[in-house]
Amino acid sequence: MSTTTAVLLPGAPVAEQILADVATRVAKLRERGVVPSLATILVGDDDASAGYIRIKQRQAAELGFASPHEHLPADATQDALHAVIDRFNEDPGVHGLLIQYPTPRHIDYDTALQRVDPDMDVDGMHPLNLGRLAAGMPGPLPCTPAGIEALLAHYEIPVSGREVVILGRGATLGRPLAMLLSQKRPTANAAVTVVHTGVADWPRYTQRADILIAAAGVPGIIQPEHVKPGAVVIGGGVRYEGRRLLPDVDESCAAVAGAITPRVGGVGPTTVAMLFRNAVAAAELRST
Ligand SMILES: NC(=O)c1ccc[n+]([C@@H]2O[C@H](COP(=O)([O-])OP(=O)(O)OC[C@H]3O[C@@H](n4cnc5c(N)ncnc54)[C@H](OP(=O)(O)O)[C@@H]3O)[C@@H](O)[C@H]2O)c1
């Protein structure tokens, strides 16, 4: 058991602030007679996925969103899924659309995602939106990377001009986060390095990071010897074994880091908040 010296960076206060702004924007839309609507699609009967949908629907209701939902059976065809996506895309009363991931094996999730109207893509993962991010154009941002930028900004951690090292180049987290944090904005503007399995001596890079972000999905891959004393450590990567969450960042890193996200409740809450920020922005866009 290590002694914690690092300042903890919980995600909940960050999420609360983002969601308070979302609630204000929802109220303004409702004053104009627009009920913002976030549609969800679940394919199959995976308990965890159904649970995530329920959480999002509850949160949607609390914020004042309508949340139409379509639950397709586990043996639904790709065409059946596309038909539901098309219906939501074409419904002027629906503003945001989310296909719960993962889908059953026989479903091609990427093809389904490409069918979603990019302006309704609240996950910010449509290839067009990743392209917009790369080009510096406005559009829905991928939720976890955007949540990490918001978390750093909330805790007034300087990012501009500093050395950020991201372990992992996955499409969900590492790669879009690198694009985001290297943009020319006060809350980004960093010297970003991305390391992965192709960089055998990756600890050499993480050891010099002012801000180290774990995005590998390999439990315990970040150990104290990988952290520069006093650095900020953000744990984005996690793996689930059943309901047990196994983070990339070993808890003992708190003895070396200056600030660190907690084992549970770090990046996760900010990801969910960003989903609703994308949803309210989609409603504003589609109702002008
Ligand atoms: N907290 C949240 O709300 C949230 C949300 C979304 C995702 N996540 C988590 O974020 C993580 C990343 O997601 P993703 O979809 O971007 O993942 P991914 O596509 O699986 O990418 C993982 C990356 O980690 C690298 N990596 C894996 N093992 C490594 C090792 N031993 N040494 C060095 N690099 C290694 C991989 O390198 P190669 O490219 O060389 O294979 C890859 O670039 C996952 O754990 C996911 O669960 C969390």
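Note that the structure is a prediction, hence the values are computed from the model and not measured.

Caption draft 1: Spatial organisation of the site of the ligand. In the vicinity of the ligand lie 25 residues, with Gly168, Gly170, Thr172, Thr197 and Gly217 positioned nearest. Elements with a minimum of two residues in the shell around the ligand: strand 9 (238–241) and helix 9 (267–286). Considering each element in turn, the shell around the ligand owes the most residues, three residues, to helix 9. Residues of the shell around the ligand, tallied by class, amount to 10 nonpolar, 13 polar and two charged.

Caption draft 2: Representation of the packing of helix 6 (residues 143–154) against helix 7 (residues 174–181). Where helix 6 meets helix 7, the axes come as close as 8 Å, and the angle between the chain directions of the two elements is 45°. Judged on the interaxial angle alone, helix 7 and helix 6 are oblique. Considering the relative orientation of helix 6 and helix 7, their crossing is right-handed. Contact residues: helix 6 offers Pro145, Ala146, Ile148 and Glu149, while helix 7 offers Pro176, Leu177, Leu180 and Leu181. For the contact of helix 6 with helix 7, the residue count by class is seven nonpolar, no polar and one charged.

Caption draft 3: Highlighting the domain arrangement of the protein. Segmentation of the protein into domains returns domain 1 (34–118) and domain 2 (141–268). On a C-alpha basis, the centres of domain 1 and domain 2 stand 29 Å from each other.

Definitions and cut-offs
- Residues numbered from 1 in each chain as written.
- Predicted model: local features only at pLDDT ≥ 70, side-chain atom pairs only at ≥ 80, totals over all residues.
- Near = placed C-beta within 6 Å.
- Helix = DSSP H or I, 4+ residues; strand = E, 2+ residues; numbered from the N terminus.
- Nonpolar A, V, L, I, M, F, W, Y, C, P; charged D, E, K, R; others polar.
- Axes fitted to C-alpha atoms, helices over the stretch in contact; angles between N-to-C directions.
- Parallel < 35°, antiparallel > 145°, perpendicular 65-115°, else oblique.
- Left-handed = near helix turned anticlockwise from the far one by under 90°.
- Contact = placed C-beta atoms within 7 Å.
- Domains from an automatic or database assignment.

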